[in-house]
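Examining the three-dimensional arrangement
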Amino acid sequence: PLCFPIFENEIEKNSEEKWVTIIGGVENRRKDLIGSIPLMRELVQKGFKFIFLGKSDFKHPDVIYFNQFLKDAAIEKEVKLFDSFVSAEEFDAYLKATDLIWPMVHPNTPSATEYFKNQISGAMNVSFAYKIPMLIHQDYINQWEDFSNSITYNFENFAQKVLEGYEQKEDIQRALRETEKFDPLYQEKKYLDFIFDN
């Protein structure tokens, strides 16, 4: 899906802040949580904040474990988690203020088992729909042409690549808007052709 409901709600955001949004709550099976903490710490020092845009069960071991790692890294104040359902209005408001989207999927982790062979992360649909640049590990760039307008990184160059991508954000957004396959009308036509093609 490339169409999400749009509302008038807005989230107050400090103009100095840069927001990286992770779609969904804290869940180790779908995200490389612990492997991402050193990367997050690098960016926190550059003025970035991280938002897990989905409900996280604060009693679940994954969330307890992750919160402890955030505290140990002294970045817990720069990471926002929700302990209740995120409404469509709130979801839309946060995304309108988001600078980058991060699936947080890395090779050789449980997240890689989930994605991208049999399914994709919902973060991708959201990135393409809202035209928000996506951070993706370089190991996946050759597997999917859809990632051509993404910010690619590895564990060694993460902060540098994200900063470069952030500076090129408007160019990447323009490229996403101009890519035909990310136009909902184009997707609707492809779907109808698939259904009714003889």
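This text gives an overview of the structure that appears in the document.

Here is what the cut-offs are and how they apply
Residues numbered from 1 in each chain as written. Predicted model: local features only at pLDDT ≥ 70, side-chain atom pairs only at ≥ 80, totals over all residues. Heavy atoms only, no water. Salt bridge = Lys/Arg side-chain N within 4 Å of Asp/Glu carboxyl O. Buried < 20%, exposed > 50% of the residue type's maximum accessible area, 1.4 Å probe, protein only. Helix = DSSP H or I, 4+ residues; strand = E, 2+ residues; numbered from the N terminus. Phe/Tyr/Trp six-rings, centres within 6.5 Å; stacked < 30°, edge-to-face > 60°. Lys NZ or Arg CZ within 6 Å of the ring centre and 35° of its normal. Core = buried A, V, L, I, M, F, W, Y, C linked by side-chain atoms within 4.5 Å. Contact = heavy atoms within 4.5 Å. Right-handed = clockwise from strand over helix to strand, strands pointing away. Pairing = 2+ DSSP bridges. Expected span 1.5 Å × (residues − 1). Polar contact = N/O pair within 3.5 Å; in protein donor to acceptor, adjacent residues only side chain to side chain.

So, about the pattern of salt bridges. For the coordinates displayed, the defined rule picks out 9 salt bridges. A salt bridge links Arg 30 to Glu 27; its shortest N-O distance comes to 3.4 Å. Using a relative accessible area of 26% as the deciding quantity, one classes Glu 27 as partly exposed. Measuring nitrogen to oxygen at the nearest pair gives 2.9 Å for the salt bridge that ties Asp 193 to Lys 189. On the criterion of helical spacing, the pair formed by Asp 193 and Lys 189 is a turn pair, its members being 4 residues apart in helix 8 (residues 184–196). When salt bridges with common partners are traced through the structure, they connect Lys 13, Asp 99 and Lys 169 into a single cluster.

Moving on to the packing of aromatic side chains. Within this structure, the stated rule accounts for 12 aromatic pairs. Positioned above the aromatic ring of Phe 48, the side-chain terminus of Lys 18 is 5.3 Å from the ring centre.

With that settled, consider the nonpolar core. If you look at the biggest cluster of nonpolar residues, it comprises 56 residues, and the most contacted ones within it are Met 40, Phe 50, Phe 52, Leu 95, Trp 102 and Leu 135. Contact partners of Leu 135, with chain neighbours within four places excluded, come to Val 20, Leu 100, Ile 101, Trp 102, Pro 103, Ile 151, Tyr 153, Phe 158 and Val 162.

Another aspect to go through is the pairing of strand 2 (residues 48–55). Within strand 2, 6 of the 8 residues are buried, which leaves it mostly tucked inside the rest of the structure. You can see the chain leave strand 1 (residues 18–23), run along helix 1 (residues 33–44) and come back into strand 2, and the turn it takes is right-handed. Inspection of the sheet shows strand 2 paired to strand 3 (residues 79–82) by 3 bridges, in the parallel sense. What sits directly across from Phe 50, in strand 3, is Val 79. Tracing the backbone out of strand 2, into helix 2 (residues 61–72) and back to the parallel element strand 3 gives a crossover that is right-handed.

All right, on to helix 8 then. Across its 13 residues, helix 8 extends 18 Å between first and last C-alpha, which sits within 8% of the 18 Å expected from 1.5 Å per residue. N-capping of helix 8 is provided by Asp 183, with a side-chain oxygen placed 2.9 Å from the backbone N of Leu 185.

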